[in-house]
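Inside the fold
The primary structure of each chain is shown beneath.
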Amino acid sequence: MKTSEIIALLPYQRPFLFVDDIVSVTENNIVGHYTFKDDEFFYEGHFKNNPITPGVILTECMAQIGLVCLGIYLMKDELMKAENLQIALTSHQMDFYLPVLPGKKVHVHSEKEVFRFNKLKCKVKMLNKDGELVARGLISGMLKV
């Protein structure tokens, strides 16, 4: 499965698509990136005159790349026969270390911990362009076709 096919199967669109590209994907991990545009809808009110990317959006970016894209890759055979992908985030635990400002690119690295009965649990981390740790944690979710 090509990375462009994985992205095409995502059930998101702008302004809530936080995946620009997938750099690499295997049965055990995935690496992708996203650049937060200066005009993202959430910067208008977070924070007044000092916009930063909300933690919930950073978590969503990590979930889209690190959980959903990897899940699509792992379930590629089932997805080829399916018409609709349903996703449910079941849990997350996240720690944040650095802010992400408008216009900045982040890289998401995800490592599969468990994948069974269509439930995927991954260790994820987000790095900035300098390789500094922005956030890390665990994300779990269910994928249903």
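Above this note sits the structure.
This text gives an overview of the structure that appears in the document. (Residues numbered from 1 in each chain as written. Predicted model: local features only at pLDDT ≥ 70, side-chain atom pairs only at ≥ 80, totals over all residues. Heavy atoms only, no water.)

Section: the sheet that holds strand 3 (residues 86-96)
Keep this limit in mind: Pairs of strands are assigned from DSSP output, requiring at least two bridges between the strands. Helix and strand definitions here come from DSSP, where helices need a minimum of 4 consecutive H or I residues and strands a minimum of 2 consecutive E residues; each element is numbered from the N-terminal end. Every axis corresponds to a line fitted to the C-alpha atoms, with the helix fit spanning only the stretch in contact, and the corresponding angles, defined between N-to-C directions, vary from 0 to 180 degrees. Here a residue-residue contact requires only that any non-hydrogen atoms of the pair lie within 4.5 Å.
Reading across the sheet, the six strands line up as 1-2-4-5-6-3 and stay open at both edges, with antiparallel pairing between neighbours. A single partner strand is all that each edge strand has here, and the edge strands are strand 1 (21-25) and strand 3. With direction set aside, neighbouring strand axes in the sheet form an average angle of 20°. Taken strand by strand, helix 2 (residues 55-74) contacts strand 1, strand 2 (29-35), strand 3, strand 4 (105-116), strand 5 (119-127) and strand 6 (133-144), and its axis lies near 130° from that of strand 5.

Notes on the environment of Pro15
Its place among the elements puts Pro15 in the loop between helix 1 (3-9) and strand 1. Separated by 58 residues in the primary sequence, Pro15 and Tyr73 have C-alpha atoms spaced 23 Å apart. Other than its neighbours up to four places away in sequence, Pro15 contacts Glu40 and Phe41.

Looking at the packing of aromatic side chains
Heads up, the rule is: Pairing of aromatic side chains requires ring centres within 6.5 Å, counting the rings of Phe and Tyr and the six-membered ring of Trp. Pairs whose planes differ by under 30 degrees are stacked, by over 60 edge-to-face, and all others tilted. The buried label goes to any residue with under 20% of its type's maximum accessible area, the exposed label to any with over 50%, and the partly exposed label to all in between, with areas taken from a 1.4 Å probe on protein chains only. Comment: the charge-over-ring label is applied if NZ (Lys) or CZ (Arg) is within 6 Å of the ring centre and within 35 degrees of the ring normal.
If you walk through the whole model with that rule in mind, you get eight aromatic pairs. Their ring planes at 35° and their centres at 6.1 Å tell us that Phe18 and Phe36 sit as a pair that is tilted. In this pair, Phe18 is assigned in the loop between helix 1 and strand 1 and Phe36 in the loop between strand 2 and helix 2, connecting sequence segments 18 residues apart. A relative accessible area of 0% means that Phe18 is categorised as buried. Given a relative accessible area of 0%, Phe36 falls into the buried group. Each residue in the set Phe16, Phe18, Tyr34, Phe36, Phe41, Phe42 and Tyr43 is aromatic and connected to the rest through ring pairs, giving one cluster. The lysine or arginine in question, Lys76, covers the ring of Tyr73, its NZ or CZ lying 3.7 Å from the ring centre.

A closer look at the pairing of strand 1
Judged from the four bridges that link them, strand 1 and strand 2 form a sheet pairing that is antiparallel. Bridge pairing links Ser24 to Val31 in strand 2. Between strand 1 and the antiparallel strand that follows it, strand 2, lie three residues.

A look at helix 2
Here is the rule we go by: One fewer than the residue count of a helix, multiplied by 1.5 Å, yields its expected span. The bend reported for a residue corresponds to the angle between axes fitted to the seven residues ending at that residue and the seven starting there.
Between its first and last C-alpha, helix 2 extends 27 Å over 20 residues, near the 28 Å set by a 1.5 Å rise per residue. When the local axis directions of helix 2 are compared, the greatest deviation, roughly 35°, occurs at Ala63. By the criterion of burial, helix 2 is predominantly enclosed, with 18 of the 20 residues buried.

Notes on the layout of surface pockets
Note the threshold: Here the term cavity refers to a set of points on a 1 Å grid, laid over the protein atoms alone, in which a 1.4 Å probe fits but cannot get out; the term pocket refers to an open set having protein on both sides within 12 Å along at least five of seven lines, with lining residues being those that place an atom within 4 Å of a point. Grid points are joined across faces, edges and corners, and a volume is the space filled by probe spheres set on the points. Under this grouping Gly is polar, as are all residues other than the nonpolar Ala, Val, Leu, Ile, Met, Phe, Trp, Tyr, Cys and Pro and the charged Asp, Glu, Lys and Arg.
Quantified by volume, the largest pocket comes out at close to 190 Å³. As for the largest pocket, its lining consists of Tyr12, Phe16, Val56, Thr59, Glu60, Ala63, Gln64, Leu67, Val68, Ile87, Leu89 and His92. Those elements that place two or more of their residues in the lining of the largest pocket are helix 2 and strand 3. Of the residues belonging to the lining of the largest pocket, the class tally is eight nonpolar, three polar and one charged.

Observations regarding unusual backbone geometry
In this model, Arg14 is joined to Pro15 through a cis peptide bond whose omega is 15°. Geometrically, the link from His46 to Phe47 is a cis peptide bond, its omega value of -5° lying close to zero. Positionally, Phe47 belongs in the loop between strand 2 and helix 2. In this structure, Phe117 is a non-glycine residue whose phi angle is positive, near 55°. Under the relative-accessibility criterion, Phe117 is labelled exposed at 75%. One non-glycine residue, Asn118, lies in positive phi territory at about 65°. Looking at where Asn118 falls in the secondary structure, it is placed in the loop between strand 4 and strand 5.

Honestly, that's just the spatial picture; any functional story needs more than this.
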